[in-house]
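The residues making up each chain are set out below.
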Amino acid sequence: MKFIISTSSLQCQIADILPCNNGKKAQLIFALIRAYGLLDYFDHVNDATVATIKDMTKFHTLDYVKHLLTEEFTYNSTEYIEKEDQVLRLAEVARKFYQDSDVEDDNQVLWFDNEYELFRYFKEEFNNANSEIDDVSKLDDKDFTKYGLQHDCPKFPFLSMYLQVIVGGTLSLLQHIDHQTPSIAINWDGGRHHALKHYASGFCYVNDIVLLIQSLRRKGWKRVTYIDFDLHYGDGVAKAFRFSENVQTISVHLYEPGFFPGTGSLEETRNSKQMVNLPVLHGMDDKYLLELISSVITPLIETFNAECIVIQCGSDGLSGDKYNEWQLSIRGLTHAIISIMDMFRDKQVFLLGGGGYNELLVSRFYTYLTSKVLELYGNNISSSIPEDDSEVLLRDHEFIELYKDENYRYWSYDNDGEQKTSLQNDNKKLHIEELKQFYHL
Ligand SMILES: [Zn+2]
């Protein structure tokens with residue numbers, strides 16, 4: 001068994017340039033995972049790998065990608081002459097961006113600390129990767145509308161760098177896998193499931209999931225199952241493989257009038273076991289999700305019999321997320337994901353991130369999930385997170401003070417911690433029976 005993760009101080013800082021990451025989501029995840037010493041258990045820790053236009057146009061159209069990667073801050077050798085200038089300019093632009101945005105500034109943690117690394121990175125990678133886009137003319141208003149680059153998907157400074165690193169992170173997982181050895185490969189900064197072929201949507205610009213699945217198929221893995229636990233419908237992935245016989249897409253999502261993206265109904269699936277929509281209502285809890293997994297999802301996965309599984313582990317359905325729609329616990333969602341992984345013990349498993357808008361909750365979730373994944377395969381983790389003590393404190397690390405209002409407690413959102421909220425569960429057991437009938441189970 002091989003363990004691979006794409007993460008680094010540089011990658012998470014770049015990931016946090018995405019406006020909805022609130023300047024800290026990826027960094028808090030990385031810092032907490034590192035505080036628990038979990039990176040030591042991985043065979044490969046991939047540091048910010050860069051995807052090229054060529055990588056992205058395996059799914060997206062060339063015209064769209066060129067527009068995404070063109071920005072005022074083009075990285076070419078003439079623009080950055082001295083190391084200091086480069087780093088200062090990056091930091092300055094990023095800070096200015098956050099000052100101008102609505103992000104609350106008391107929790108600004110964008111830190112750009114490794115200047116030499118950053119410098120080297122720019123020089124060697126971005127110059128090469130971006131040399132292909134010199135011929136793109138400036139965007140006009142029509143292009144912004146045409147490509148969805150407005151509202152929740154604006155063009156922001158360093159969008160190009162952000163996309164190349166996030167997509168590069170997910171695709172770099174493929175470097176270390178082969179057909180003989182089972183593996184677990186993770187990129188918590190990936191999982192951008194809404195991006196369409198030539199349209200940005202829901203904070204997603206390039207669909208790293210579709211690109212990953214396509215690459216797996218090209219590398220000889222015949223059948224792939226994709227499962228999406230994000231609160232929102234995984235529309236970009238479902239749409240991309242709608243007519244593929246070799247890729248099964250399963251999405252559990254909130255489906256209610258007016259809720260983004262507005263699609264994902266049962267009817268859209270045409271009774272197919274290959275494209276599976278599992279629309280649920282407000283208030284879903286652990287028990288309901290686990291029932292859905294054992295009665296509907298597990299049999300559907302077994303029928304398809306894939307060689308790889310890609311799981312989008314969006315955490316906006318957790319209790320304590322800003323959406324406040326579902327009430328899954330950290331332990332509940334982790335258990336759900338682990339139970340699916342358990343069906344792919346001797347195969348290839350990919351875990352990607354996704355939505356999640358309470359950064360203090362998200363960091364706890366991905367840290368706990370990472371530790372449980374490692375334990376599932378027999379790693380005896382010396383620093384594992386104590387389970388049954390509601391008083392257990394988060395490990396000390398560079399961002400510990402951000403957790404002050406939650407009294408530094410690990411399980412503040414699970415158990416009956418002070419952050420725990422209780423919602424009415426609108427989902428009825430009968431609905432699961434209806435889903436079983438619909439999919440002929
Ligand atoms: Zn979401």
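The chain has the name histone deacetylase in an unreviewed UniProt entry, where Kluyveromyces lactis is given as its organism. Of the comments in the UniProt record for the chain, the one headed Sequence similarities (unreviewed entry) reads "Belongs to the histone deacetylase family. HD type 1 subfamily." Under the UniProt heading Subcellular location (unreviewed entry), the entry covering the chain gives this text: "Nucleus".

Turning our eyes to something else, we now look at the sheet that holds strand β8 (residues 348–352). An order of β2-β1-β3-β8-β7-β4-β5-β6 is seen for the 8 strands of this open sheet, with the pairing classed as parallel. Edge positions in the sheet fall to β2 (44–46) and β6 (275–280), since each of these pairs with one other strand and no more. Pairwise comparison of adjacent strand axes, ignoring direction, gives a mean angle of 10° for this sheet. Bridge count for strand β7 (residues 308–312) against β8 is 5 bridges, and the pairing is parallel.

On to the packing of helix α2 (residues 25–35) against helix α13 (residues 359–376). Between α2 and α13, the shortest axis-to-axis distance is 8 Å and the interhelical angle comes to 40°. As the angle between them shows, α2 and α13 are arranged oblique. Crossing of α2 against α13: the hand is right-handed. Contacts between α2 and α13 involve Lys25, Leu28, Ile29, Leu32 and Ile33 on the former and, on the latter, Glu359, Leu360, Val362, Ser363, Arg364, Tyr366, Thr367 and Thr370. Taken together, the residues of the contact of α2 with α13 break down into 7 nonpolar, 3 polar and 3 charged.

What the rule picks out here adds up to 12 salt bridges. Between arginine 331 and aspartate 414 there is a salt bridge, with its nearest N and O atoms 3.7 Å apart. Of this pair, arginine 331 sits in helix α12 (residues 330–341) while aspartate 414 sits in the loop between α13 and α14 (429–438); the two residues are 83 residues apart in sequence, bridging distant segments of the chain. You'll find arginine 331 and aspartate 414 in the same group, each marked buried.

Okay, the environment of glutamate 375 next. For glutamate 375, the position within the fold is in helix α13. Excluding anything up to four places from it in sequence, glutamate 375 contacts Ile381 and Ser384. Among the polar contacts listed, one links the side chain of glutamate 375 to the side chain of lysine 372, at a separation of 2.9 Å.

So, on to a positive patch on the surface. Residues Lys54, Lys58, Arg218 and Lys219 make up a contiguous surface patch of positive charge. Within the secondary structure layout, lysine 54 lies in helix α3 (residues 53–56). Residue lysine 54 is classed as exposed on the basis of its relative accessible area of 60%.

Here the focus is the packing of aromatic side chains. For the structure shown, the criterion picks out 12 aromatic pairs. A centroid spacing of 6.4 Å and a plane angle of 90° characterise the contact between phenylalanine 3 and phenylalanine 42, whose relative ring orientation is edge-to-face. Highlighted residues: phenylalanine 3 in strand β1 (residues 2–6) and phenylalanine 42 in the loop between α2 and β2, separated in sequence by 39 residues. We classify phenylalanine 42 as buried; its relative accessible area is 9%. Seen in terms of ring centroids, tyrosine 64 and tyrosine 147 are 5.5 Å apart; in terms of plane orientation they differ by 40°. Their pairing is tilted. Note that tyrosine 64 is positioned in helix α4 (residues 62–69) and tyrosine 147 in the loop between α7 (141–146) and α8 (159–172), a separation of 83 residues in sequence. Judged by its relative accessible area of 0%, tyrosine 64 falls in the buried class. By relative accessible area, which is 3% here, tyrosine 147 ends up buried. Taken together, the aromatic side chains of Tyr36, Tyr368, Tyr410 and Trp411 make up a single cluster linked through ring pairs. When the ring centre of tryptophan 411 is taken as origin, the NZ or CZ atom of arginine 331, which lies over that ring, is 3.7 Å away.

Our next topic: the coordination of the zinc ion. Only Asp230 (OD), His232 (ND1) and Asp316 (OD) from the protein reach the zinc ion as donors, at distances of 1.9 to 2.1 Å. Between consecutive donor residues of the zinc ion, the sequence gaps follow D-x1-H-x83-D. Of the two residues, aspartate 230 sits in the loop between β4 (224–228) and α10 (235–240) while aspartate 316 sits in the loop between β7 and α12, which places them 86 residues apart along the sequence. Just as aspartate 230 is buried, aspartate 316 falls in that class too.

Basis of the calculations
- Residues numbered from 1 in each chain as written.
- Predicted model: local features only at pLDDT ≥ 70, side-chain atom pairs only at ≥ 80, totals over all residues.
- Heavy atoms only, no water.
- UniProt positions renumbered as here; feature names shortened; annotations may be inferred.
- Pairing = 2+ DSSP bridges.
- Helix = DSSP H or I, 4+ residues; strand = E, 2+ residues; numbered from the N terminus.
- Axes fitted to C-alpha atoms, helices over the stretch in contact; angles between N-to-C directions.
- Parallel < 35°, antiparallel > 145°, perpendicular 65-115°, else oblique.
- Left-handed = near helix turned anticlockwise from the far one by under 90°.
- Contact = heavy atoms within 4.5 Å.
- Nonpolar A, V, L, I, M, F, W, Y, C, P; charged D, E, K, R; others polar.
- Salt bridge = Lys/Arg side-chain N within 4 Å of Asp/Glu carboxyl O.
- Buried < 20%, exposed > 50% of the residue type's maximum accessible area, 1.4 Å probe, protein only.
- Polar contact = N/O pair within 3.5 Å; in protein donor to acceptor, adjacent residues only side chain to side chain.
- Patch = residues over 30% accessible without salt bridge, like charges linked within 9 Å, V, L, I, M, F, W, Y side chains within 5 Å.
- Areas by Shrake-Rupley, 256 points an atom, 1.4 Å probe, with all protein chains shown as cover.
- Lys, Arg positive; Asp, Glu negative; His and termini not counted.
- Charge placed at Lys NZ, Arg CZ, Asp CG, Glu CD.
- Phe/Tyr/Trp six-rings, centres within 6.5 Å; stacked < 30°, edge-to-face > 60°.
- Lys NZ or Arg CZ within 6 Å of the ring centre and 35° of its normal.
- Donors = N, O, S within 2.8 Å, 3.2 Å for Na, K, Ca; no water.

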